[in-house]
Amino acid sequence: MSDKARDGAFDDWLDAIEDDSGYYVECENGHGWLPPRRVCPDCGSRDLSETPLPDAGEVATFTEVSVATPQFSADTPYVTAIVDYGPVRVTGLLRGADPDDVDVGMPVGIGVGERETTGDRAVVFRPR
Ligand SMILES: [Zn+2]
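Predicted model only: the values in this text are computed from it and were never measured.

Would you mind going over the nonpolar core in detail, with residue names and values included?
One finds W13, L53, Y85, V90, L94, I110 and F125 to be the most contacted residues of the largest nonpolar core, which totals 27 residues. When contributions to this core are tallied by element, the ones reaching two or more residues are α1 (8-18), β1 (23-26), β5 (78-84), β6 (89-94), β7 (107-114) and β8 (121-127). A per-element tally of this core places α1 first, with four residues. Each residue touching L94, except ones within four places of it in the same chain, is listed here: V59, V79, A81, V102, M106, V108, F125 and R126. Among the nonpolar cores identified, the runner-up in size contains six residues, and F72, Y78, A122 and V124 belong to it.

Break down the environment of S21 for me, citing the residues and quoting the values.
Here S21 is to be found in the loop between α1 and β1. According to the relative accessible area criterion, S21 is partly exposed, its value standing at 40%. In this structure the C-alpha to C-alpha distance between S21 and C40, which are 19 residues apart in sequence, comes to 22 Å.

Here is what the cut-offs are and how they apply
- Residues numbered from 1 in each chain as written.
- Predicted model: local features only at pLDDT ≥ 70, side-chain atom pairs only at ≥ 80, totals over all residues.
- Heavy atoms only, no water.
- Core = buried A, V, L, I, M, F, W, Y, C linked by side-chain atoms within 4.5 Å.
- Buried < 20%, exposed > 50% of the residue type's maximum accessible area, 1.4 Å probe, protein only.
- Helix = DSSP H or I, 4+ residues; strand = E, 2+ residues; numbered from the N terminus.
- Contact = heavy atoms within 4.5 Å.

On their own, these measurements won't tell you what the molecule is for.
Now the structure itself:
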């Protein structure tokens, strides 16, 4: 255990990603959500089940950040990406690729890494 405060559900979900058993939650109407929640914001369903996250997603949109707030200055430059996994989209850091080589539609796998400035865990995508 680290001495950092854990954000229950989100940390549990990061643990699952680290274990290669990432998931999202889906209601009976096919609405997918991340991070996991108890009630579907779309239809109010409380019957949400854990569904395995596909092995790879596709970059839907990305931003190269070269100037960050002091909190994240040691991480710059970095790329944040929103990755499409079908019913859900996940936001995270994209590493292992030159920002110039990142393209919409690029397949990426999901994992967990640390922010260099704060040491906080974060979702990290890497090219497949
Ligand atoms: Zn729903």
